[in-house]
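Survey of secondary and tertiary structure
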Amino acid sequence: MKELIKKLVEISSPSGREDAIREAITEEVRDYVDELRVDALGNLICMKKGKSGKKLLLDAHMDEIGVVVTHIDDKGFLRIDMLGGVSPYMLLGSRIIFESGAYGIVSTEGESAREAGEIMKNLDFDHIFVDIGASSREEAEKLAPIGTFGTYDSKFRDLGEKLVSKSMDDRIACAILVQTIKELKEPADDVYFVFAVQEEVGIVGASVAAFDIMPDMAIAVDVTAGPDTPKSFKRMGFKLGAGPTIKIKDRGSVSSSRVVSRLKEVADIRSIPVQYEVLIFGGTDARGYQVTGKGIAAGTVSVPTRYVHSPNEIVDYNDVLNTVRLLKALAEEGV
Amino acid sequence: MKLERLCRLCELPGVSGFEEKVASFIEKEIEGKVDELWKDSVGNVIAIKKGNGKSSKRLMLLAHTDEVGLMVKRINEDGSLSFTAIGGVDPRVLMGKKVFVGEEMLPGVIGFEAIHTQESSTLLKTPSMDKLRIYLGYPKKEEAQKSHKIGDPVFFSTAYEEVGEYAVAKAFDDRTGCEILLRVLDDVQGLSLDYDLCFAWVVQEEVGLRGSGIAARQIKPDAALVFENTTAGDNPELPEYRWATSLGMGPVLTFAHSGLVLDRRIFDTIVETARRNSIKFQYKRRIAGGTDAGRLARTMSGIPAGVISTPSRYIHSPTSIININDFLGVAELASVLVKEGKVL
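In this text the structure is predicted, and so the values were computed from the model without any measurement.

All names here are of chain B. In terms of domain boundaries, chain B breaks down into domain 1 (4-67 + 170-340) and domain 2 (69-156). One C-alpha centre belongs to domain 1, the other to domain 2, and the line joining them spans 31 Å. Contact residues are listed per partner, giving 14 residues for domain 1 and 15 residues for domain 2. Each partner contributes to the roughly 1200 Å² buried at the junction of domain 1 and domain 2, and carbon and sulfur atoms together form 71% of this total. Together, Val15, Phe18 and Pro318 form the three largest contributors to the area buried by domain 1 at its contact with domain 2, with a combined 42%. As a salt-bridge pair, Lys21 and Glu103 come within 3.6 Å of each other at their nearest N and O atoms. Where domain 1 packs against domain 2, one counts 2 residue pairs in polar contact (both at pLDDT 80 or more).

Another point: the interface of chain A and chain B. Contacts between the two partners involve 30 residues from chain A and, on the opposite side, 23 residues from chain B. Between chain A and chain B, a total of about 2200 Å² is buried, with carbon and sulfur atoms accounting for 58% of that surface. Our count for the contact surface shared by chain A and chain B stands at 4 salt bridges. Residue Glu99 of chain A is joined to Arg264 of chain B by a salt bridge in which the shortest nitrogen-to-oxygen separation is 2.7 Å. Inspection of the region where chain A meets chain B yields 8 residue pairs in polar contact (both at pLDDT 80 or more). Mapped by element, the contributors of at least two residues to the side of chain A that touches chain B are strand E4 (66-72) and strand E5 (78-83) of chain A. Classifying every residue of the side of chain A that touches chain B by side-chain character gives 13 nonpolar, 8 polar and 9 charged.

A separate point is the environment of Arg298 of chain B. With respect to the helices, strands and loops of the structure, Arg298 of chain B is situated in the loop between helix H7 (292-297) and strand E18 (305-312). Look at Arg298 of chain B and you get partly exposed, because its relative accessible area is 23%. Arg298 of chain B sits 38 residues away from Leu260 of chain B along the chain, and the two C-alpha atoms are 9.7 Å apart. In this structure the side chain of Arg298 of chain B is engaged in a polar contact, spanning 2.7 Å, whose partner is the backbone oxygen of Gly202 of chain A.

Next up on the list: unusual backbone geometry. Residue Asp170 of chain A is reached from Asp169 of chain A by a cis peptide bond, and omega for that bond is 10°. With respect to the helices and strands, Asp170 of chain A occurs in helix H6 (residues 168-183). The amide bond that connects Asp173 of chain B to the next residue, Asp174 of chain B, takes the cis arrangement and shows omega of 10°. As for its position among the elements, Asp174 of chain B is in helix H4 (residues 172-187). The backbone phi angle of Tyr307 of chain A is positive, close to 60°, even though this residue is not glycine. For Tyr307 of chain A, the location among the structural elements is in the loop between strand E16 (298-304) and strand E17 (313-316). Under the relative-accessibility criterion, Tyr307 of chain A is labelled partly exposed at 41%. In this structure, Gln204 of chain B is a non-glycine residue whose phi angle is positive, near 55°. Its location among the elements puts Gln204 of chain B in the loop between strand E12 (196-202) and helix H5 (211-219). Owing to a relative accessible area of 21%, Gln204 of chain B belongs among the partly exposed residues under this scheme.

Attention now goes to the sheet that holds strand E19 (residues 320-323) of chain B. All names here are of chain B. As summarised here, the arrangement of the 3 strands in space is E10-E11-E19, forming an open sheet in which the pairing is antiparallel. Taken across any chain shown, the strands that pair with only one partner, and hence form the sheet edges, are strand E10 (161-163) and E19. For this sheet, the mean inter-axis angle between neighbouring strands, taken without regard to orientation, is 25°. Here E10 pairs with strand E11 (residues 166-169) via 3 bridges, running antiparallel. Of the residues in E11, the one forming a bridge with Glu162 is Ala167.

With that settled, the discussion passes to the UniProt feature "binding site: Zn(2+) 2" (unreviewed entry) in chain B. Residues and elements named next belong to chain B. Within this numbering scheme, the UniProt entry marks Asp173, Glu206 and His316 as carrying the feature "binding site: Zn(2+) 2" (unreviewed entry). What stands out for the annotated residues spanning 144 residues is how close their C-alpha atoms remain, the widest pair being 9.8 Å apart. Mapped onto the fold, Asp173 is located in helix H4. Its relative accessible area of 9% is what places Asp173 among the buried residues. Excluding anything up to four places from it in sequence, Asp173 contacts His64, Asp66, Glu67, Glu206, Glu228, Asn229, Ile315 and His316. Of the polar contacts made by the side chain of Asp173, one reaches the side chain of His64; its length is 3.0 Å. Mapped onto the elements, His316 comes out in the loop between E18 and E19. Those residues within four positions of His316 in sequence are excluded, and the remaining contacts are Val68, Gly88, Phe156, Asp173 and Glu206. Side chain to side chain, His316 and Asp173 meet in a polar contact 3.0 Å long.

Remark: the centre distance and the inter-plane angle together describe each pair of aromatic rings, the angle taken between the planes. Applying the stated criterion to the full structure yields 9 aromatic pairs over all chains. Connected via pairs of aromatic rings, a cluster forms that spans Phe149 of chain A together with Phe255, Phe267, Phe281 and Tyr283 of chain B. Positioned over the ring face of Tyr241 of chain B is Arg79 of chain A, at 3.6 Å from the centre of the ring.

The next point concerns the environment of Ser165 of chain A. Residue and element names in this part refer to chain A. Mapping Ser165 onto the fold places it in strand E11 (residues 162-165). Put simply, Ser165 and Val38 are 127 residues apart on the chain and 27 Å apart in space, counted from C-alpha to C-alpha. Contact partners of Ser165, with chain neighbours within four places excluded, come to Val9, Ser154, Lys155, Phe156, Pro311, Asn312 and Glu313.

Basis of the calculations
Counting of residues starts from 1 at the beginning of each chain's written sequence and follows it residue by residue. All chains are assigned letters beginning at A, and all ligands numbers beginning at 1, according to the order in which they are written. Per-residue local features of the predicted model are confined to residues with pLDDT of at least 70, and side-chain atom pairs are confined, for both listing and counting, to 80 or more; whole-chain, interface and lining totals are unaffected and use all residues. Calculated side-chain values reflect all of the structure's heavy atoms, with hydrogen atoms and water omitted. The domain limits used here are those given by an automatic or database domain assignment. Here, residues are in contact when the closest pair of their heavy atoms is within 4.5 Å. A simple way to read buried area is as the amount of 1.4 Å-probe accessible surface that goes missing from two parts once joined, with both sides added. The term salt bridge refers to a side-chain nitrogen of Lys or Arg lying within 4 Å of a carboxyl oxygen of Asp or Glu. Identification of polar contacts relies on pairs of N or O atoms within 3.5 Å, with a donor-acceptor requirement for protein atoms, meaning one able to donate a hydrogen and the other able to accept it, and with residues adjacent in sequence counted only if both atoms are side-chain atoms. Each helix is a run of H or I in the DSSP string that is no shorter than four residues. Each strand is a run of E no shorter than two, and both are numbered from the N terminus. Under the scheme applied, nonpolar residues are Ala, Val, Leu, Ile, Met, Phe, Trp, Tyr, Cys and Pro; charged residues are Asp, Glu, Lys and Arg; polar residues are all the others, including Gly. For the exposure calls, accessible area comes from a 1.4 Å probe over protein chains only, and a residue counts as buried if that area is under 20% of its type's maximum, exposed if over 50%, partly exposed in between. In short, DSSP must find at least two bridges between two strands for them to pair. Only the contacting stretch of a helix is used when fitting its axis, a line to C-alpha atoms as for every element, and angles between N-to-C directions run 0 to 180 degrees. UniProt positions are given in the numbering used here, feature names are shortened, and annotations may be inferred rather than shown by experiment. Aromatic contacts are taken between Phe, Tyr and Trp rings whose centres are within 6.5 Å, Trp giving its six-membered ring; a plane angle under 30 degrees counts as stacked, one over 60 as edge-to-face, and the others as tilted. Placement of a charge over a ring requires the Lys NZ or Arg CZ to be within 6 Å of the ring centre, with the centre-to-atom vector within 35 degrees of the ring normal.

Given below as structure tokens:
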């Protein structure tokens with residue numbers, strides 16, 4: 001499954017520019033699903049037929065955080081703005097790959113040591129710029145005109161049990177859903193797999209993807225924090241390597257209790273390690289599903305992830321495999 | 001050249017939740033020009049010009065009727081009125097301004113401590129909304145209560161005026177959009193369009209994009225074009241790379257804003273149409289700020305939209321400034337897009 005993960009995480013597809021990742025996922029799953037369509041916003045929706053007459057929806061968002069070019073100066077330096085929650089501190093010194101193929105390096109201003117120090121203290125997008133190797137405005141406008149989208153440029157690394165890459169958020173869940181689609185032979189319910197757009201800018205795709213489906217249960221698969229690093233958030237107790245987490249709540253939603261208990265039941269039936277998660281910030285596509293139409297019982301299964309929204313997000317491979325097992329178990333046991 | 005109808009639209013009072021006068025004006029303007037016309041339960045004005053039946057698709061043009069303003073929240077013992085903001089209003093632009101209070105439009109002024117009595121430590125400091133009062137000349141609370149109550153809307157009283165290629169008024173956000181829709185409707189009179197052209201003048205954008213989703217669920221469009229008024233920010237004291245847009249550079253096209261990346265296909269269609277018709281345009285160069293397109297994307301099974309704006313300096317203030325050529329550029333682009341029908 002590591003090959004699949006590498007393939008999906010290395011694709012550059014920020015919010016609103018999901019064409020490349022959608023194409024790659026479509027290619028992977030086309031032969032394994034009974035239905036496949038792309039909706040008006042670009043959500044990829046696949047279905048595997050079951051027998052119970054009930055419907056389960058599993059979601060992963062395809063997009064990743066990114067940046068967009070907003071200004072080009074006379075010397076060919078770019079100014080950028082963020083798509084989703086991008087920290088300027090994380091950007092500093094990192095490489096950006098633009099949809100046009102241009103590469104850039106992020107740096108910051110400062111005309112004196114004191115000014116540079118002040119800027120670093122409160123770093124924001126007004127004080128960082130991108131160097132794409134252009135020497136004039138005209139050259140830069142050809143390479144990456146205003147409105148060009150970009151993402152971190154970072155390669156997949158296999159550290160054995162731990163895997164490193166950009167956009168584990170949420171390509172690791174895309175890979176998990178693709179693997180589930182391939183391994184799932186006899187689902188109990190009709191299982192809809194939604195690869196949603198624009199989660200990072202505000203849960204756009206998942207707010208509408210289920211409108212025509214109205215499943216009996218919807219589960220967003222996403223990354224969560226990895227609060228097991230030195231002096232990390234002590235109010236959150238889950239960690240990498242101890243299994244996927246069943247989310248109880250975050251800032252966006254409180255998981256439906258029926259979803260939480262059903263996930264725990266099937267985990268117990270199949271002896272799959274799981275943890276409970278209360279995240280003190282953040283939100284997932286579950287929020288979009290929960291308030292769709294007359295309301296959908298919704299929750300989130302998360303893969304604990306260190307350094308979320310950085311160019312180097314780390315997950316544990318066993319957690320990934322156990323998430324596939326958990327979703328497969330739910331699909332086979334039924335909602 | 002005076003943009004007569006834009007002038008009248010801007011001078012109408014229409015703080016969020018109190019858009020009736022704007023809605024009625026629009027209803028009168030479009031009567032007889034459309035096949036269907038109704039006002040819904042929240043005050044959105046919705047109109048449909050049926051296509052010739054070649055296509056079953058629907059395009060919705062949308063603008064919001066409301067404007068930012070104030071609301072009376074307390075009547076003080078001295079007969080002055082305390083207020084709260086409706087929508088995003090900077091308290092710094094309120095001091096010393098004339099306003100109209102209530103549906104009766106009674107004139108008042110927003111007072112603050114005179115420069116003579118201020119300590120050097122308070123001078124040039126922004127007062128909080130709580131420190132500002134509206135004075136209408138009542139000697140005491142009981143007198144004020146005869147004409148006012150808590151919840152009365154307060155409107156900026158700026159008269160519309162044109163100076164060269166610029167116009168100054170309140171409420172360009174979003175009466176420019178309202179007028180664009182009226183102009184498009186005039187432009188398509190007598191034309192046979194392949195698709196249903198739908199119009200939505202919606203309420204309460206400024207307080208959280210509340211009217212647009214309701215309108216869209218009645219119209220069920222396949223795509224939408226949102227006509228907005230947007231931040232210029234081309235102030236000389238700011239470096240150019242911080243300008244969101246600049247006056248005189250043409251209609252503003254948005255690739256992404258707060259909470260949404262605009263539909264790429266529609267965005268590309270707008271850019272291509274502008275280029276091919278030699279309509280000068282510019283991009284919105286900051287992400288902050290949202291529009292009703294954000295609501296439409298999250299409505300029903302998702303309605304893709306494009307956003308085209310007239311840029312405005314000192315937006316959300318009693319004295320906003322637009323370049324008339326930018327506005328006319330938006331009108332021209334809107335008209336071409338509708339006639340070509342490529343957005344669908």
